[in-house]
Amino acid sequence: MSDHHHKETYITKYVFSTDHKMIAKQYLVTGIFMGVIGVFMSMLFRLQIAWPDRSFTIIEAFLGNHQDGGVMSPDIYLALVTIHGTIMVFFVLTAGLSGTFSNLLIPLQIGARDMASGFLNMVSYWLFFLSSVIMVISLFVEAGPASAGWTIYPPLSALPQAIPGSGMGMTLWLVSMAIFIASSLMGALNYIVTVLNLRTVGMKMTRLPLTIWAFFVTAIIGVVSFPVLLSAALLLIFDRSFGTSFFLSDIFIQGEVLHYQGGSPVLFEHLFWFLGHPEVYIVILPAMGIVSEIIACNSRKPIFGYRAMIGSIIAIAFLSTIVWGHHMFVSGMNPFLGSVFTFTTLLIAIPSAVKAFNWITTMWKGNIQMNTAMLFSIGFVSTFISGGLTGLVLGDSALDINVHDTYFVVAHFHLVMGVSAIYGMFAGVYHWFPKLFGRMMNKTLGYWHFWITVVAAYGVFFPMHFVGLAGLPRRYYANTAFPLFDDVADVNIVITMFAILGGAAQIIFLANFFISIYKGKKATQNPWKSNTLEWTTPVEHVHGNWPGEIPAVHRWAYDYSKPGHEEDYVLQTTPLKEGEEES
Amino acid sequence: MTALLYILLAIVVAVAIWQVTSILNFKSVIATEKDNNTQGILFAVFGVFFYGLMIFSFVKYSIILLPDSASVEGESYDTLYMVTMVLILVVQAITQFLLFYFAFKYRGIKDRKALFYADSHKLELIWTVVPAVVLAGLVLYGLSVWVDVMDPSDAENPLIVEVYAKQFSWEARYAGEDNELGLANVRNIKGINTMGVDMSDKNALDDIPVRELRLPKGRKVIFKFRSQDVLHSAYMPHFRAQMNCVPGMVTQFAFTPSLTTEEMRLNDKTIAKVDGINKIRAEKGEDTYEFDYLLLCNKICGSSHYNMQMKIIVEEEEDFNAWIKNQKTMAQVVQ
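Remember, predicted model here, so these are calculated numbers, not experimental data.

**Q** I'm lost on the overall build of chain A in this one. Help?
**A** Across its full length, chain A carries 16 helices and four strands. Taken against the 2.2 N^0.38 rule, which gives 25 Å for 583 residues, the C-alpha radius of gyration of chain A at 24 Å falls within 12% of a compact globule. In terms of principal-axis extent, the alpha carbons of chain A reach across some 85 × 50 × 50 Å. With 583 residues in all, chain A has 65% of them scored as buried. Relative to all contacts within chain A whose residues are 6 or more apart in sequence, the contacts with residues 24 or more apart total 79%.

**Q** How do you make sense of the domain arrangement of chain A when you look at a structure like this?
**A** Put simply, an interface is often sized by how much accessible area is lost when its parts join up. Residues and elements named next belong to chain A. Each assigned domain of chain A is listed with its residue range as follows: domain 1 (15-249), domain 2 (279-516) and domain 3 (522-583). When each unit is reduced to the centre of its C-alpha atoms, the spacing between domain 1 and domain 2 is 19 Å. Listed as interface residues are 39 residues of domain 1 and, on the opposing side, 39 residues of domain 2. Put simply, the parts of the chain that give the side of domain 1 that touches domain 2 at least two residues each are helix H2 (20-50), helix H4 (74-110) and helix H7 (210-241). In terms of residue count, H4 provides more of the side of domain 1 that touches domain 2 than any other element does, 15 residues in total. Among the residues making up the side of domain 1 that touches domain 2, the classes are represented as 27 nonpolar, ten polar and two charged.

**Q** I'm lost on the pairing of strand S1 (residues 159-166) of chain B in this one. Help?
**A** All names here are of chain B. Burial analysis of S1 places eight of its eight residues in the buried class, which makes it a mostly covered element. The side-chain alternation of S1 yields two buried faces, one formed by Leu159, Val161, Val163 and Ala165 and the other by Ile160, Glu162, Tyr164 and Lys166. Note that S1 and strand S5 (residues 221-227) share seven bridges and pair parallel. Bridge pairing links Glu162 to Lys224 in S5. Alignment of S1 against strand S2 (residues 169-174), held across six bridges, turns out to be antiparallel. Paired with Ala165 across the two strands is Trp170, which belongs to S2.

**Q** Honestly, the environment of Pro286 of chain A in this entry has me stumped. Any pointers?
**A** Residue and element names in this part refer to chain A. Within the secondary structure layout, Pro286 lies in helix H8 (residues 265-299). Note: C-alpha distance between Pro286 and Met374 (88 residues apart in sequence) is 16 Å. In this structure Pro286 touches Leu97, Ser98, Phe101, Ser102, Ala214, Phe215, Thr218 and Gly424, once residues within four positions along its chain are discounted.

**Q** Quick question: what am I supposed to make of the sheet that holds S2 of chain B here?
**A** Adjacent strands of a sheet pair through backbone hydrogen bonds, lying either parallel or antiparallel. Residue and element names in this part refer to chain B. In space, the five strands of this open sheet follow the order S3-S2-S1-S5-S8, with mixed pairing throughout. Each edge of the sheet is formed by a strand with only one pairing partner; in this case those strands are strand S3 (208-210) and strand S8 (251-255). Taken pair by pair, the neighbouring strands of this sheet meet at an average axis angle of 25°, ignoring direction.

**Q** For this particular structure, what's the right way to read the nonpolar core?
**A** Residue and element names in this part refer to chain A. Judged by nonpolar contacts, the single largest core of 294 residues is most densely connected at Leu156 and Ala427. For this core, the leading source of residues is H4, giving 22 residues. If we skip the residues at most four places from it in the chain, Ala427 touches Ile290, Val291, Ile294, Ala373, Phe376, Ser377 and Phe380.

**Q** How should I be thinking about the sheet that holds strand S7 (residues 241-245) of chain B in this particular structure?
**A** Residue and element names in this part refer to chain B. Read from one edge of the open sheet, five strands run S4-S10-S9-S6-S7, paired in mixed fashion. The two strands at the open ends of the sheet, each matched to only one other strand, are strand S4 (213-216) and S7. Geometrically, the sheet is characterised by an average inter-axis angle of 20° between neighbouring strands, direction not taken into account. Pairing geometry for S4 and strand S10 (residues 309-315), over four bridges, is parallel. In the sheet register, Arg214 faces S10, and the bridge partner there is Ile313. Along the sheet, helix H7 (residues 317-325) makes contact with S4 and S10, crossing S4 at roughly 140°.

**Q** What is the right way to look at the UniProt feature "domain: Cytochrome oxidase subunit II copper A binding" (unreviewed entry) in chain B in this model?
**A** Mapped onto this numbering, the UniProt entry annotates "domain: Cytochrome oxidase subunit II copper A binding" (unreviewed entry) at residues 156-326 of chain B. What you have in residues 156-326 of chain B is 18% helix and 32% strand, and the ends, taken at the C-alpha atoms, are 25 Å apart.

**Q** Would you take a moment to explain the interface of chain A and chain B for this structure?
**A** On the chain B side, the residues contacting the 121 residues of chain A number 111 residues. The greatest single-element share of the side of chain A that touches chain B, amounting to 14 residues, is contributed by helix H10 (residues 335-363) of chain A. Among the residues making up the side of chain A that touches chain B, the classes are represented as 76 nonpolar, 29 polar and 16 charged.

**Q** Would you take a moment to explain the UniProt feature "domain: Cytochrome oxidase subunit I profile" (unreviewed entry) in chain A for this structure?
**A** Sequence positions flagged by UniProt for "domain: Cytochrome oxidase subunit I profile" (unreviewed entry) are, in local numbering, residues 10-566 of chain A. Between the end C-alpha atoms of residues 10-566 of chain A the distance is 45 Å, and the span holds 65% helix and 1% strand.

**Q** Help me understand the domain arrangement of chain B in this model?
**A** Residues and elements named next belong to chain B. Domain parsing of chain B yields domain 1 (34-108 + 122-151) and domain 2 (159-334). Using only C-alpha atoms to locate each centre, domain 1 and domain 2 end up separated by 35 Å. Between domain 1 and domain 2, the contact holds eleven residues from the first and 19 residues from the second. Taken together, the residues of the side of domain 1 that touches domain 2 sort by class into six nonpolar, three polar and two charged.

**Q** What should I look at first to understand unusual backbone geometry in this one?
**A** Most peptide bonds are trans, and most residues other than glycine sit at a negative phi. A cis amide bond links Pro154 of chain A with the next residue in sequence, Pro155 of chain A, at an omega value of 0°. Here Pro155 of chain A is to be found in the loop between helix H5 (118-137) and helix H6 (168-197). Gln167 of chain B connects to Phe168 of chain B through a cis peptide bond whose omega is -10°. With phi around 50°, Asp250 of chain A is a residue other than glycine that occupies positive phi space. Tracing the sequence through the fold places Asp250 of chain A in the loop between H7 and strand S3 (252-253).

**Q** What exactly am I supposed to notice about the packing of helix H14 (residues 407-437) of chain A against helix H15 (residues 443-469) of chain A here?
**A** Two packed helices can be described by the angle between their axes and the distance between those axes. Residue and element names in this part refer to chain A. Two elements in contact, H14 and H15, have axes separated by 8 Å at closest approach and are oriented at 165°. Comparing the axis directions of H14 and H15 gives the class roughly antiparallel. Judged by the twist between their axes, the crossing of H14 over H15 is left-handed. Contacts between H14 and H15 involve Tyr407, Phe408, Val409, Val410, Ala411, His414, Leu415, Val419 and Tyr430 on the former and, on the latter, Gly446, Ala457, Phe461, Met464, His465, Val467, Gly468 and Leu469. Grouping the amino acids of the contact of H14 with H15 by side-chain chemistry returns 13 nonpolar, four polar and no charged.

What counts and how
Residues numbered from 1 in each chain as written. Chains lettered and ligands numbered in written order. Predicted model: local features only at pLDDT ≥ 70, side-chain atom pairs only at ≥ 80, totals over all residues. Helix = DSSP H or I, 4+ residues; strand = E, 2+ residues; numbered from the N terminus. Rg over C-alpha atoms; globule rule 2.2 N^0.38 Å. Buried ≥ 20, exposed ≤ 12 C-beta atoms within 10 Å, placed from the backbone. Contact = placed C-beta atoms within 7 Å. Domains from an automatic or database assignment. Nonpolar A, V, L, I, M, F, W, Y, C, P; charged D, E, K, R; others polar. Pairing = 2+ DSSP bridges. Axes fitted to C-alpha atoms, helices over the stretch in contact; angles between N-to-C directions. Core = buried A, V, L, I, M, F, W, Y, C linked by C-beta atoms within 7 Å. UniProt positions renumbered as here; feature names shortened; annotations may be inferred. Parallel < 35°, antiparallel > 145°, perpendicular 65-115°, else oblique. Left-handed = near helix turned anticlockwise from the far one by under 90°.

What follows is the structure, encoded as structure tokens:
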């Protein structure tokens, strides 16, 4: 950042940019592209679940030699659910959500000219891009992509004899994820350093918007937990390619005994979930931050219980690293550990409840501006509660026994982290679109997008709980082998129809997004009348964010409708009036 | 090639939308008072839809749920489940109502100023302490059930059964006269000895290998699970029982069957569910279904994961004893 006037070429401005705003856009567009693939896959396998015997030309068209007369093969079904999960969790909701908004907002909201290391930030994005490319390439491998589930438990993921996707497909999956983790670590370190060191004058930690708190803590969780997944991936690569036995032991497959001895798949599960569980908070915390900000701004009220909100973010982050065993209650792990993990898991409900109540209270006696971002934020609170509450069933080891790995789980985590985080991402895109592209998104299309999505999402995931409670395991290619589940077939058709409706609604978003980039109404400097610093920068992007001095900060981010002020918002840069108390 | 066609079609649709939307006024971007009003009302309407969907689902889909538990341990599971579910539904009903109601009630009006209300220690204390107390109760209750289910050490004369998983079928082995399973390892798999039982172990000789699982009513059954290839999960939903089968180690789960297959077939909920299923099957021209307990695989294990099952029959203890007497022991089978 030493030289503000150096000449930018097309390459340095749009491709290998070190400007956090451009990198945010790169993350967003890549994330959306991966999201389209991930959602499209879910449409394909939902067709299979609803009509297992029926032939579909769309399946014939896209699945090549993995289908027969328009009916997909069991292996590609498993591959689709695997890659759907991988893409949505990591590529869309980790990189696409956190990557976009941490990059965009951290410098802008703390008053910094850029990230601490612009170069590292650029490398981080391009590693993410590379890992996306490898993941997409893995879809075209002859034997099909990885298909052992997104949790890639060995031995299934280690042995090509066990499932064809565990050949080249799994190799590429592991390579892609290893690169992804490197990217994510670089990003996270950058976010942490930037928040700690580059805050403008007056921006105390207790004046930071909750978005920044969320991104900051998310980055810490990422740094703590992602390396463990990397080690698990490396050990798995060793088992697969170099004959070690970290996770494998006593295996007899296709008529022969393999040489592995002494390893344990349960060890892999521990390593995987040591990241895997914090990962869901890596996904949801940024969404929570975004939603806190948008609900306060659009309710024209201060966020209720600002310090409690920070406290609960930290509590959730801490607890998130000691609850991983709740994914393993019936893994064969010592039942005593199950008791411990039940205790820590249900503790998480407390800070989560505090957050939910605080959001609702923030809306109470507000003057709610129904912008699209606000609608999605309300949607977020709703799905977070609906999905979070069933966590009381799954987090309780005793109750988990009979619903573990059924559709009840699928319904739970899709609502609480999938749909919720996607809503948070949509809310963020609608709200900060003017900061990203200097233009506004259309509100009518936004409303249509929201209402169709919200009805479809509940239409999909509410009935799905019952499918799980009927005892139907997840990842079944078809239920036709069990007359017991014949009565679930109708529910599955309803779910698939809502899924298609919801998927189709995203076309409205895509149209709105891409058209608005070019044709949207030019944004004004502070369209939502928000308090935070990013709205004091010029609409047109400038390298270094503020053309002159970085403004100093005099108050917290939530002085909405504060008595004694003319307007119903007070920028953080406004000095306290004489005798005015800081909230 | 058709894929290309689909992609082209998608592009055409996109262009069409582009054209239509450019006619639309892209200038309307910020919510007006009118928008606040409409969207606020829509939230109220959605609230009604939301509760409607919940009630509808409960009414319409209750029939597909699992019938009453068929094991003693499962009964305490069901009670814990009911308590938790009632709690969940109460909290769900209240919080969602408040959310949608506030969205409706406080929809923006021009010139109204929101209430500046940033903090209340009292309120926050309430909604930290109340969930904490409720959860403490739930944790204690849940853990007491968990310990009961997972610790079968005080069972008198339990039946020991090994359940053996492989792609994509199940086998089982009863411990025989001595009620002690012989050692086993996949390295001993040979010919008819498909579970790799170690025939040099004297405990193994009287073990009884079977392809159909029969359990006596009223006697605690301790299952020992093994897998020969990948992870599987032995899921017996009617008994509220599940445990993963892990290659290289033996895992365990126990329950006491409390209803024979015959008794379960006469259970009201089972009858209603089976009638529902048979109505659907009749429409499709399939033969009639009769209820049976099942063991199914519930951990992704490969292509035929969706069809890895074994029938379980629960019968009175004397019937079970008569049946098992007629089964061949390992010694007889391997001979």
